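Examining the three-dimensional arrangement
So the chains spell out like this:
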Amino acid sequence: MGCEKNYTSRRHFGFAIITAIAFVLPFIKINDSHFFLLSFDKSKLHLLFTQFDMQELYLMPFLFIILFLFIFFLTTLGGRVWCGWSCPQTIFRSVYRDLIQTKILKIYKNIKDKQKQQDVSVFKRALSVIIWACLSVLIASNFLWYFVPPQDFFAYLSDWTNHKVLVGFLACITLWLVFDVCFLKENFCVYVCPYARIQSTMFDNDTIQVLYNEERGGKIYDKGTRLWKKPQIEGAQCTGCEACVKICPTHIDIRKGMQLECINCLECSDACSKVMAKFNFPSLIEWTSENAQKTHQKVKYLRFRTIAYVAILSVASVVLVLMSGKKEHMLLNINRTSELYNITKDKNVENSYTFLFQNTDSKKHTYYFDTNDTNIKIVRPSEPIEVKPNHKQRVIVILGSKNLNLNDQKDMPITIKINAYAVDEKEKISVDRETVFVYPKKQNLN
């Protein structure tokens, strides 16, 4: 018995969920940390509501590895399911073409025919571009919120003369969205998107695709002769209505077989199912694999390639979690000043440094330090340094020594180790850094 499928409504529901998450997520904070924020302005990476300094960007390779492995896994399993069900390009085109142009402005005759526009006024077409341009500003802003948090974003826009780079990015992204969605259209998916060029190499005979059932189709397209032939099974039901062709957003005929331009949106399957339901037959266009269609069995999801991807993804995810658990709650950079040393009146040798303490914890700490050389004393500072959470504090440090081990011919640099720690949590928060203390040659003391 036939029944009408409705993949389209499921896709639109998925689009709504994805859009809501994308817009809401930048506003959600836990302990002043975002789910994801790559802030070049403040040199911070927020990941899973934990803040990392740019010096801790060793996590980024793991994120990229997981991202690409997930894309490979998804493609092997479901073909171009990302393109039809989650890709921003597809969502934007659905909003512009199906909502703005078709339902609101009636530029297309109906949502079932994406091939021909009506003879409408230039005003309506220009109006559709203007409406989308306004939405593009909002979409571009939402994209930038993952690099500039919303509260800073709006503050910067209110003082736009001092933040022209941000305004420039906003304008460029907006213009690209207008050009891409209104003029480039699905040509982006077909000719520009690199994913479309490589996805076929990750397919196998068990990959889920949008397939026309040639066994029961009313017509079969022979790619060799480029002619339509009779079906292999009597009683096949294709009526030749071409509903599947008219509704295709990338303008292909799925009856001619799997094609690079297909984005797995399954709108053709919905269109066919509505026609076939009148004759009590299922849709001639199925979301299945080649093997499943030929053997009339279920799709084989668990196979070597998919299991291998899941295993590698699991390992990479575990490593990411373990590495993120090793986050340092304190960072310290040590730089020497341009002066090698200073000799005081009482023959005390002093070396000057600039210490940059950074509190990457969610609460304030007071920091101090010591050296591993008992001959070297801390002259300055004499008191611990307080640093607010997620802030930096630059401190001038002077180390001195009276127990001189001098060389007759040249200055003597020795390597010393600095152990810096949080006074209130010394056992938990401490770091070791190496630097150099320079002793003068003997003649400089005279």
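Refer to the structure above for everything that follows.
Since this is a predicted model, take the numbers as computed values, not measurements. (Residues numbered from 1 in each chain as written. Predicted model: local features only at pLDDT ≥ 70, side-chain atom pairs only at ≥ 80, totals over all residues. Heavy atoms only, no water.)

**A look at the sheet that holds strand β18 (residues 430-439)**
- The strand order across the open sheet formed by 4 strands is β15-β13-β17-β18, and the pairing between neighbours is antiparallel. Single-partner strands in this sheet number two, and they are β15 (385-387) and β18. Sheet twist, expressed as the mean angle between neighbouring strand axes with direction ignored, is 35 degrees.
- As paired elements, strand β13 (residues 365-371) and β15 share 3 bridges and run antiparallel to each other. The partner of His365 across the bridge, within β15, is Val387. (Pairing = 2+ DSSP bridges. Helix = DSSP H or I, 4+ residues; strand = E, 2+ residues; numbered from the N terminus. Axes fitted to C-alpha atoms, helices over the stretch in contact; angles between N-to-C directions.)

**Focus: a nonpolar patch on the surface**
- Where nonpolar side chains cluster on the molecular surface, the patch consists of Phe13, Ile17 and Ile21 and spans about 310 Å² of accessible area.
- The residue Ile17 is located in helix α1 (residues 7-24) in this model. (Patch = residues over 30% accessible without salt bridge, like charges linked within 9 Å, V, L, I, M, F, W, Y side chains within 5 Å. Areas by Shrake-Rupley, 256 points an atom, 1.4 Å probe, with all protein chains shown as cover. Salt bridge = Lys/Arg side-chain N within 4 Å of Asp/Glu carboxyl O.)

**Let's talk about the side chain of Thr288**
- Note that Thr288 resides in strand β9 (residues 285-288).
- For Thr288, a relative accessible area of 11% translates into the label buried.
- Other than its neighbours up to four places away in sequence, Thr288 contacts Thr207, Ile208, Gln209, Leu211, Gln293 and Val299. (Buried < 20%, exposed > 50% of the residue type's maximum accessible area, 1.4 Å probe, protein only. Contact = heavy atoms within 4.5 Å.)

**Looking at the sheet that holds strand β4 (residues 44-47)**
- Taken together, the 3 strands give an open sheet; going across it, the order is β3-β4-β5, and neighbouring strands pair in antiparallel fashion. Both edges of this open sheet fall to β3 (36-39) and β5 (50-53), since each of them pairs with a single strand only. Direction aside, neighbouring strands of the sheet carry axes that sit 15 degrees apart on average.
- Where β3 lies against β4, 4 bridges are found, and the strand directions are antiparallel. By the bridge assignment, Phe36 is partnered in β4 with Leu47.

**Considerations on the side chain of Thr75**
- Within the secondary structure layout, Thr75 lies in helix α2 (residues 60-78).
- Assessed through its relative accessible area of 0%, Thr75 is described here as buried.
- A polar atom in the side chain of Thr75 sits 2.8 Å from the backbone oxygen of Ile71.
- Sequence-distant contacts of Thr75, that is, excluding residues within four places in its chain, are made with Tyr195, Gln199, Met202, Phe203 and Thr207. (Polar contact = N/O pair within 3.5 Å; in protein donor to acceptor, adjacent residues only side chain to side chain.)

**Some remarks on the packing of helix α6 (residues 150-158) against helix α7 (residues 164-184)**
- Interaxial distance between α6 and α7 falls to 9 Å at its minimum, and their mutual angle equals 105 degrees. By the angle between their directions, the pair α6 and α7 is classed as roughly perpendicular. In this structure, α6 contributes Phe153, Tyr156 and Leu157 to the contact, and α7 contributes Leu166, Val167 and Leu170. (Parallel < 35°, antiparallel > 145°, perpendicular 65-115°, else oblique.)

**What about the pairing of strand β17 (residues 412-422)?**
- The pairing of β13 with β17 spans 5 bridges and is antiparallel. Bridge pairing links Thr371 to Ile418 in β17.
- Pairing of β17 with β18 involves 10 bridges; the strand directions are antiparallel. Counted as the bridge partner of Thr415 is Val436 from β18.

**Quick look at the environment of Val319**
- Residue position: Val319 is located in helix α13 (residues 304-324).
- Taking relative accessible area as the criterion, Val319 reaches 28% and is therefore assigned partly exposed.
- For the pair formed by Val319 and Leu59, sequence separation is 260 residues and the distance between their alpha carbons is 9.6 Å.

**A closer look at the packing of aromatic side chains**
- Applying the stated criterion across every chain, the model contains 21 aromatic pairs.
- Ring geometry for Phe40 against Phe147: centres 6.4 Å apart, planes inclined by 5 degrees, an arrangement best described as stacked. Taken together, the positions of Phe40 in the loop between β3 and β4 and Phe147 in the loop between α5 (122-144) and α6 put the pair 107 residues apart, joining distant regions of the chain.
- Of the residues examined, Phe147 reaches a relative accessible area of 25% and is grouped as partly exposed.
- Each residue in the set Tyr353, Phe355, Phe357, Tyr367, Tyr368 and Phe369 is aromatic and connected to the rest through ring pairs, giving one cluster.
- Across the ring face of Tyr421, the terminal group of Lys426 is positioned such that the distance to the ring centre comes to 4.3 Å. (Phe/Tyr/Trp six-rings, centres within 6.5 Å; stacked < 30°, edge-to-face > 60°. Lys NZ or Arg CZ within 6 Å of the ring centre and 35° of its normal.)

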